[in-house]
Structures are given as structure tokens and as C-alpha cells.
Amino acid sequence: MRAFREAVEAGDLEAVEALLAEDVVFTSPVVFKPYPGKAITASILRGVTRVFEDFRYERELDGGDGRDHALVFRARVGERELTGCDFIHLNEEGLIDELTVMVRPLSGAQALAAAMGAQFDQILKEAEARSASAS
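Residues numbered from 1 in each chain as written. Predicted model: local features only at pLDDT ≥ 70, side-chain atom pairs only at ≥ 80, totals over all residues. Heavy atoms only, no water.

1. Details of the UniProt feature "domain: SnoaL-like" (unreviewed entry) in the chain
- In this structure's numbering, the residues bearing the UniProt feature "domain: SnoaL-like" (unreviewed entry) are residues 2-97.
- Annotated as 30% helix and 45% strand, the span residues 2-97 places its first and last C-alpha atoms 16 Å apart. (UniProt positions renumbered as here; feature names shortened; annotations may be inferred. Helix = DSSP H or I, 4+ residues; strand = E, 2+ residues; numbered from the N terminus.)

As C-alpha cells, then:
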């Protein structure tokens, strides 16, 4: 999805958030339970931008129906290089209602889990503030 990719690459997190449906579900590469809702998803994505270094998209794949997309990326977390993919599904309004992220190798996923774990109190506070301002 070009708009999401361009917003992420530009570091425009407000534009990224505007592309999320209210009922978006974020599925993490390192946590079993999905995170439902725009506020927590936007906050997690903000946390990821604080953790990933040298982030870049390398490829964009389209599912053919215009609603399914995959964005292949590379990044670094500390000393660990990782490759990942953002799997994006759009609802009928063209907003992201599913965002699933997968990463490899295992050592990169472990570094990501540790770094995001250290961010999670801040992520939850940001999500609560976003939910309160949206109400």
C-alpha cells in the first residue's frame, strides 16, 4: 500500500494513524495475542519507530484485489539485523483493518521483543491518551 509505505518512510506517524481503521487489529511478530484498536496499534507503531534503526522497505507486493498488500523491509535492532514483512488488509473504506508483522531471524525477533518490551509502559500510556482524546 503506497500511502502507508510513504508515510512510514517519511516518518509521518500522523499520516500512518489516519490510514488505520478504528477496529484495526495489529498482530505482533513476538506476542501471541493480537492488539485490537486504532489507539494501541498507532502507539505500537510509534514504539517501533523508536526501536528500529536503518529501517527501509525493499519490496511491495499486491494481492491483486487491491485489499491485500505486503511490504518487505529490513531494519536493525541494536546489533541484530532483521528482515520482515508488513501484511496489510484494507477494509471496504480503504483503511487498514489488519496489520500483521513477521520478522526473521530468531535472534532479530528476540532483540525486537526485548526492545519493545522496554517500550511497553510508554506505549500503553500513549494508547490510553489516544483513546481519551478520541472520545
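2. What to know about the packing of helix H3 (residues 38-51) against helix H4 (residues 106-134)
- Put simply, H3 and H4 touch, their axes get as near as 8 Å, and they point 140 degrees apart. The angle between H3 and H4 places the two elements in the oblique class. Classified by chirality, the crossing of H4 by H3 is right-handed. In this structure, H3 contributes Ala-39, Ile-40, Ala-42, Ser-43, Ile-44, Arg-46, Gly-47, Val-48, Arg-50 and Val-51 to the contact, and H4 contributes Leu-112, Ala-115, Met-116, Gln-119, Phe-120, Gln-122, Ile-123, Leu-124, Glu-126, Ala-127, Arg-130 and Ser-131.
- Class assignment of the residues belonging to the contact of H3 with H4 gives a composition of 13 nonpolar, five polar and four charged. (Axes fitted to C-alpha atoms, helices over the stretch in contact; angles between N-to-C directions. Parallel < 35°, antiparallel > 145°, perpendicular 65-115°, else oblique. Left-handed = near helix turned anticlockwise from the far one by under 90°. Contact = heavy atoms within 4.5 Å. Nonpolar A, V, L, I, M, F, W, Y, C, P; charged D, E, K, R; others polar.)

3. A closer look at the sheet that holds strand S5 (residues 80-90)
- Spatially, six strands are ordered S2-S1-S6-S5-S4-S3 in an open sheet, and the strand pairing comes out mixed. Both edges of this open sheet fall to strand S2 (35-36) and strand S3 (53-62), since each of them pairs with a single strand only.
- This element, helix H1 (residues 2-10), spans S3, strand S4 (68-77), S5 and strand S6 (96-104) of the sheet and lies at about 170 degrees to S3.
- H3 rests against strand S1 (20-27), S2, S3, S4 and S6 of the sheet, and its axis sits at about 55 degrees to S1. (Pairing = 2+ DSSP bridges.)

4. Some words on H4
- Its 29 residues place the ends of H4 only 37 Å apart at the C-alpha level, less than the 42 Å of an ideal helix rising 1.5 Å per residue.
- Along H4, the helix axis deviates most sharply at Phe-120, where the bend reaches about 50 degrees.
- Three or more residues of H4 are buried, namely Gly-108, Ala-109, Ala-111, Leu-112, Met-116, Gln-119, Ile-123, Glu-126, Ala-127 and Arg-130.
- Contacts from the buried residues of H4 go to helix H2 (13-18), H3, S4, S5 and S6. (Expected span 1.5 Å × (residues − 1). Bend = angle between axes of the 7 residues up to and from the residue. Buried < 20%, exposed > 50% of the residue type's maximum accessible area, 1.4 Å probe, protein only.)

5. Some remarks on a negative patch on the surface
- On the surface, a cluster of negative charge is contributed by Asp-62, Asp-65, Asp-68 and Glu-98.
- Checked against the element boundaries, Asp-62 lands in strand S3.
- A residue is classified by how much of its surface remains accessible, and Asp-62, at 53% relative accessible area, is exposed. (Patch = residues over 30% accessible without salt bridge, like charges linked within 9 Å, V, L, I, M, F, W, Y side chains within 5 Å. Areas by Shrake-Rupley, 256 points an atom, 1.4 Å probe, with all protein chains shown as cover. Salt bridge = Lys/Arg side-chain N within 4 Å of Asp/Glu carboxyl O. Lys, Arg positive; Asp, Glu negative; His and termini not counted. Charge placed at Lys NZ, Arg CZ, Asp CG, Glu CD.)

6. Description of the pattern of salt bridges
- On inspection of all chains with the given rule, the structure shows 13 salt bridges.
- Among the ionic pairs, Arg-50 bridges to Glu-126, the shortest N-O distance being 3.1 Å. Separated by 76 residues along the polypeptide, Arg-50 in helix H3 and Glu-126 in helix H4 bring together distant segments of the chain.
- For Glu-126, a relative accessible area of 17% translates into the label buried.
- Taken together, the shared-partner salt bridges in this structure form one network comprising Arg-2, Arg-5, Glu-9 and Glu-60.

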